[in-house]
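# Structural characterization, general
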Amino acid sequence: MLSLGALFGAIALAAHVARDPLDALGRAFVERFGLAGMFLGTYLADAFSFPIPPQFYMLTAISSGGPQVAPMVVISVASLLAGSTGYLLAGHLARFRILAARLERTRPRIDRLFARYGYWAIAIGSLTPVPFSMLCYLSGLYRIPPRYFVTLVLFRVPRLILFYALIRLGWSQ
């Protein structure tokens, strides 16, 4: 909750201090890169922990004053595809001997977590401030069953909608 409050506060402060330059940045980004830029940026952020998070693209969509539904659909789809990429890539990385040995030492804890909490382990994990890309990589590294991973991915969309609502609310201040 603290991270959500920080997001709202940072956006409200940015809207108060630098609204005009951020409006110009949002319009310029949307005009230059459009939905494809939002898709690519979100995909890179959520598949490879690229330093510009999806929230930036939400802010550009909001500050540009353009339509909001298409950017949110594009950002959501890109995030879900990126999470799947991270899961699959990490599953391949887990086969390397150096990682496999480390993972096997901690695997019993992960197995107990899922044995005890099942889907709730994913639900709780998706609500933490741990980046989505990191959760997807960890899921792949530990070879979490696909049914649990799908649950994690499905929790991503409401989280993105919550981020969008907080950014929009902060921007309207």
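Refer to the preceding data block for the structure.
Predicted model, so just to flag it, every value in this text is computed and none were measured.

## A short note on the overall build of the protein chain
Looking only at helices and strands, the protein chain features seven helices and zero strands. In the protein chain, the succession of α and β elements from N to C terminus is α-α-α-α-α-α-α. Viewed in the frame of its principal axes, the protein chain has a C-alpha envelope of about 50 × 30 × 25 Å. Within the protein chain, the fraction of its 173 residues that count as buried is 43%. Residue pairs in contact within the protein chain that sit at least 24 positions apart in sequence constitute 79% of those at least 6 positions apart.

## Brief notes about the packing of helix α4 (residues 97-117) against helix α5 (residues 119-127)
Each pair of packed helices can be described by the angle between their axes along with the distance between the axes. Axis separation between α4 and α5 bottoms out at 6 Å; the angle between their running directions is 105 degrees. Here α5 runs roughly perpendicular to α4, going by the angle between their axes. Between α4 and α5, the residues in contact are Leu113, Phe114 and Tyr117 and Tyr119, Trp120, Ala121 and Ile122, respectively. By residue class, the composition of the contact of α4 with α5 is seven nonpolar, no polar and no charged.

## Points about a nonpolar patch on the surface
A cluster of nonpolar side chains, Phe48, Leu89, Leu93, Phe96 and Ile98, forms an exposed patch at the surface whose accessible area comes to about 480 Å². Positionally, Leu93 belongs in helix α3 (residues 69-93).

## Regarding unusual backbone geometry
A positive phi angle, near 55 degrees, is found at Ser49, a position not held by glycine. The residue Ser49 is located in the loop between α1 (2-48) and α2 (54-64) in this model. Residue Arg143 is not a glycine yet carries a positive backbone phi of 50 degrees. Tracing the backbone through its elements, the reader meets Arg143 in the loop between α6 (132-141) and α7 (146-171). Note on Arg143: relative accessible area 46%, which makes it partly exposed.

## Remarks on the side chain of Arg156
Position of Arg156 relative to the elements: it lies in helix α7. Of the residues examined, Arg156 reaches a relative accessible area of 5% and is grouped as buried. Setting aside chain neighbours within four positions, we find Arg156 in contact with Asp46, Pro54, Ser79, Leu80, Phe132 and Phe163.

Calculation criteria
- Residues numbered from 1 in each chain as written.
- Predicted model: local features only at pLDDT ≥ 70, side-chain atom pairs only at ≥ 80, totals over all residues.
- Heavy atoms only, no water.
- Helix = DSSP H or I, 4+ residues; strand = E, 2+ residues; numbered from the N terminus.
- Buried < 20%, exposed > 50% of the residue type's maximum accessible area, 1.4 Å probe, protein only.
- Contact = heavy atoms within 4.5 Å.
- Axes fitted to C-alpha atoms, helices over the stretch in contact; angles between N-to-C directions.
- Parallel < 35°, antiparallel > 145°, perpendicular 65-115°, else oblique.
- Nonpolar A, V, L, I, M, F, W, Y, C, P; charged D, E, K, R; others polar.
- Patch = residues over 30% accessible without salt bridge, like charges linked within 9 Å, V, L, I, M, F, W, Y side chains within 5 Å.
- Areas by Shrake-Rupley, 256 points an atom, 1.4 Å probe, with all protein chains shown as cover.
- Salt bridge = Lys/Arg side-chain N within 4 Å of Asp/Glu carboxyl O.

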